[in-house]
Amino acid sequence: MSSITASRVLAPVGTAGKLFAFGLDVARGLFKRPFQMREFLQQAWFIASVTIIPTALVAIPFGAVIALQVGGLIKQFGAQSFTGSAAVLAVVREAGPIATSLLIAGAAGSAIAADLGARKIREELDAMMVLGIDPIQRLVVPRVLACMLVAFFLNGLVSVVGVAGGYVFNVVLQDGTPGAYLASFTALAQLPDLWQGMVKALVFGLIAAVVACYKGMNAAGGPKGVGDAVNESVVISFMLLFVVNFVMSAIYIQLVPPKTG
Amino acid sequence: MGVEIKVDNLSKSFGKQLIWGDVSLTIPAGEVSVMLGPSGTGKSVFLKALIGLLKPDTGSILIEGTDIASCSEKDLYAIRKLFGVLFQDGAMFGSMNLFDNVAFPLREHTKKTESQIRDVVMEKMDLVGLIGAEDKLPGEISGGMRKRAGLARALVLDPEILLIDEPDSGLDPVRTSFINQLFIDLNAQIDATFLIVTHDINTARTVPDNIGLLYHKHLAMFGPREMLLSSEEPVVRQFLNAQTVGPIGMSEEKDADELEAEKDLDMPPLPPIPLQLEPSNGIPRRSQREPGGWCRDNGVTPPPGSFDHKMSMTTGG
């Protein structure tokens, strides 16, 4: 009895371990030649095509909402001239990577998990292994790299669109002045903010792709198994992304002193 | 020239459920062997263990001195180049057309030019009768065509060992006969070791040199075709002659009551042993044995009417 309970309790630990081991396999596959350039470009193009428009459409209201909320609050403090700083803190540091990662995990991750899951249950992956080709090197590594690349650029897109959206809302709807917005922006923003946003985007892209590939390649039990794999991959990567985001933000705040003056 | 597969004391379980245990057999080089067994006895699992897709719990699988069950990932990928595998549904890559599917192993593993690849691919496509379908996607063709395309892909690297999972599932009897004839012709041509997993009795009775029977979590018997077809062993006899009387029940094994009820029923007499399929060009295969040879050497009287040229195809009584 106790052993059954123990095995149930420990099951998630086992899954986490397998996921980590899979991540290590991918890391090893990174250095195996020949690099699958064609697959990488195709995947990068595919991921970009399914994420660019939703990301831009999410980024505009995101920047606007932050401008509205923080703008209202800051007005009560009588510090309208600092609304611009809210944009940098919220959008560049947090919202950019998070919106990016949600779209990478939701749009690209689910597509990857579904694709690999379907290949798994059609025995395509087995066939590939039997033909002497490692699916991790051939399929997973290009997808992971493509996800990281696209996440990196999407993060830039979200930052630009989000800050621009915040600017428009602040200036047009909240009667802020363009000068005050830009001045407060540069007063608090520093280059490391941008770097940490980029690093976050890369890490999030990595996590989302590894989870999606792992779940897809371990799909079992027919077509329903593919659906389950997609579902689990999205849920797991969302949870992981938020935890990792918290940790990385905490580390960043410790490492980089806030800009003063 | 074909390679021998030596399986020793192999067991595999999923969780607490034993799939099969203590399986030991040697699949002779260059011969055609069939692995039979009732549905759900882990025939496909056995096949996957042979290619190293599933790690067995105990035992060893020796191929050219490498133990598939315990070798490194790198050795495994190297040894797999000896294999051609035909999966149940063909396992074609859905995103590529048939030509690219068949060309895939050549492009990955050889330095052939595109025109050389084209020649090899077209030759194999011709062999399986798929000329004209090379631009189709796997989703656009029937199951039988996918299976034949899978066979073409399995053959493209001139394998030493050909593993075939249920070649007859989803094929009509005529196509099944054609594909069986194709296996015999291929064996004559390339001398590879063939292992066919099936539960089609007709295939099992007429195609192979050797038959194995997996039943009730173990290997019931493995040996020359004539040995199993003339065997009095109840399980072998029941299965190879497709009868209801015998130890195999609807749910794997019959219980005591059912066995008691048919205690007085005699097993029907063994049907005659049919002739083995011969290569269509009439030149005997290297591993081919003379009809009735095994029975004579071992002092077994084959059932009356065996090896008669007039009855080449009969299924059980």
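Given the structure is predicted, the values throughout are model-derived calculations rather than measurements.

Visitor: So what's going on with the overall build of chain B? Residues and values would help.
Guide: Helix and strand counts for chain B stand at eleven helices and twelve strands. For 317 residues, the compact-globule estimate of 2.2 N^0.38 gives 20 Å, and the C-alpha radius of gyration of chain B, at 20 Å, lies within 12% of that figure. Across its three principal directions, the C-alpha atoms of chain B cover 65 × 50 × 40 Å. By residue count, 41% of the 317 residues in chain B fall in the buried class.

Visitor: Account for the environment of B:Leu277, with residues named and values stated.
Guide: Residue and element names in this part refer to chain B. Tracing the backbone shows Leu-277 in the loop between α10 (256-261) and α11 (293-297). Here Leu-277 falls in the buried class, since 23 other C-beta atoms lie within 10 Å of it. Those residues in contact with Leu-277, other than ones at most four positions away along the chain, are Asn-180, Gln-181, Ile-184, Thr-206 and Val-207.

Visitor: Would you mind going over the interface of chain A and chain B in detail, with residue names and values included?
Guide: At the interface, eleven residues of chain A touch 16 residues of chain B. Looking at the side of chain A that touches chain B residue by residue, the classes come out as five nonpolar, one polar and five charged.

Visitor: Report on the nonpolar core, specifying residues and quantitative values.
Guide: Of all hydrophobic cores here, the largest spans 82 residues; its most connected members are B:Leu50, B:Ile61, B:Val102, B:Ala152, B:Leu163 and B:Leu213. Not counting chain neighbours up to four residues away, the residues in contact with B:Ala152 comprise B:Val102, B:Lys124, B:Met125, B:Leu127, B:Val128 and B:Leu130. Among the nonpolar cores identified, the runner-up in size contains 61 residues, and A:Leu139, A:Tyr167, A:Ile207 and A:Val234 belong to it.

Visitor: Would you mind going over the environment of A:Gly72 in detail, with residue names and values included?
Guide: Residue and element names in this part refer to chain A. With respect to the helices, strands and loops of the structure, Gly-72 is situated in helix α2 (residues 37-77). With 11 C-beta atoms packed within 10 Å, Gly-72 lands in the exposed category. Along the chain, Gly-72 and Arg-93 lie 21 residues apart, while their C-alpha atoms are 21 Å from each other.

Visitor: Run through the confidence of the model for chain B, naming residues and quoting values.
Guide: Residue and element names in this part refer to chain B. Scored by pLDDT, chain B has a mean of 84; 95% of the residues are at 70 or more. Mean pLDDT across the elements of chain B ranges from a minimum in strand β12 (residues 252-253), with 64, to a maximum in strand β8 (residues 193-197), with 92. Per the prediction output, this complex has pTM 0.80; the corresponding ipTM is 0.74.

Visitor: Give a detailed account of α2(A), specifying residues and quantitative values.
Guide: At A:Thr51, α2(A) shows its largest bend, some 35°, and a proline, A:Pro54, comes one to four positions later. Directly beyond the C-terminal end of α2(A), a positive phi value near 75° is found at A:Gly78.

Visitor: I'd like a description of the sheet that holds strand β7 (residues 161-165) of chain B, backed by residues and values.
Guide: Hydrogen bonds along the backbone pair up the strands of a sheet, which may run parallel or antiparallel. All names here are of chain B. Read across the open sheet, the six strands follow the order β6-β7-β8-β3-β9-β10; overall the sheet is mixed. Looking at which strands have only one partner, the edges of the open sheet turn out to be β6 (83-86) and β10 (218-224). Ignoring strand direction, the axes of neighbouring strands in this sheet form an average angle of 15°. Note that strand β3 (residues 32-36) and β8 share four bridges and pair parallel. When the sheet's bridge partners are listed, Met-35 is paired in β8 with Val-197. Along the sheet, helix α1 (residues 43-50) contacts β3, β7, β8 and β9 (210-215); its crossing angle with β7, the most-contacted strand, is approximately 155°.

Visitor: Describe the pairing of β7(B), naming the residues involved and giving the relevant values.
Guide: Residues and elements named next belong to chain B. Buried residues dominate β7, accounting for five of its five residues. Where burial is concerned, the two faces of β7 agree: the one with Ile-161, Leu-163 and Asp-165 and the one with Leu-162 and Ile-164 are both buried. In this sheet, β8 lies alongside β7 in parallel orientation, the contact comprising five bridges. Within β8, the residue paired with Ile-164 across the bridge is Ile-196.

Visitor: Give a detailed account of the packing of α2(A) against helix α5 (residues 135-173) of chain A, specifying residues and quantitative values.
Guide: Residue and element names in this part refer to chain A. Between α2 and α5, the shortest axis-to-axis distance is 6 Å and the interhelical angle comes to 25°. The pairing of α2 with α5 is recorded here as roughly parallel in orientation. The handedness of the crossing between α2 and α5 is right-handed.

Visitor: Which residues make up unusual backbone geometry, and what are the values?
Guide: Residue and element names in this part refer to chain B. If you check the backbone angles, Asp-191 has positive phi at about 60° while not being a glycine. A positive phi angle, close to 50°, is found at His-216, a residue other than glycine. Along the chain, His-216 turns up in the loop between β9 and β10.

The rules behind these values
Residues numbered from 1 in each chain as written. Chains lettered and ligands numbered in written order. Predicted model: local features only at pLDDT ≥ 70, side-chain atom pairs only at ≥ 80, totals over all residues. Helix = DSSP H or I, 4+ residues; strand = E, 2+ residues; numbered from the N terminus. Rg over C-alpha atoms; globule rule 2.2 N^0.38 Å. Buried ≥ 20, exposed ≤ 12 C-beta atoms within 10 Å, placed from the backbone. Contact = placed C-beta atoms within 7 Å. Nonpolar A, V, L, I, M, F, W, Y, C, P; charged D, E, K, R; others polar. Core = buried A, V, L, I, M, F, W, Y, C linked by C-beta atoms within 7 Å. pLDDT = per-residue confidence, 0-100. Bend = angle between axes of the 7 residues up to and from the residue. Pairing = 2+ DSSP bridges. Axes fitted to C-alpha atoms, helices over the stretch in contact; angles between N-to-C directions. Parallel < 35°, antiparallel > 145°, perpendicular 65-115°, else oblique. Left-handed = near helix turned anticlockwise from the far one by under 90°.

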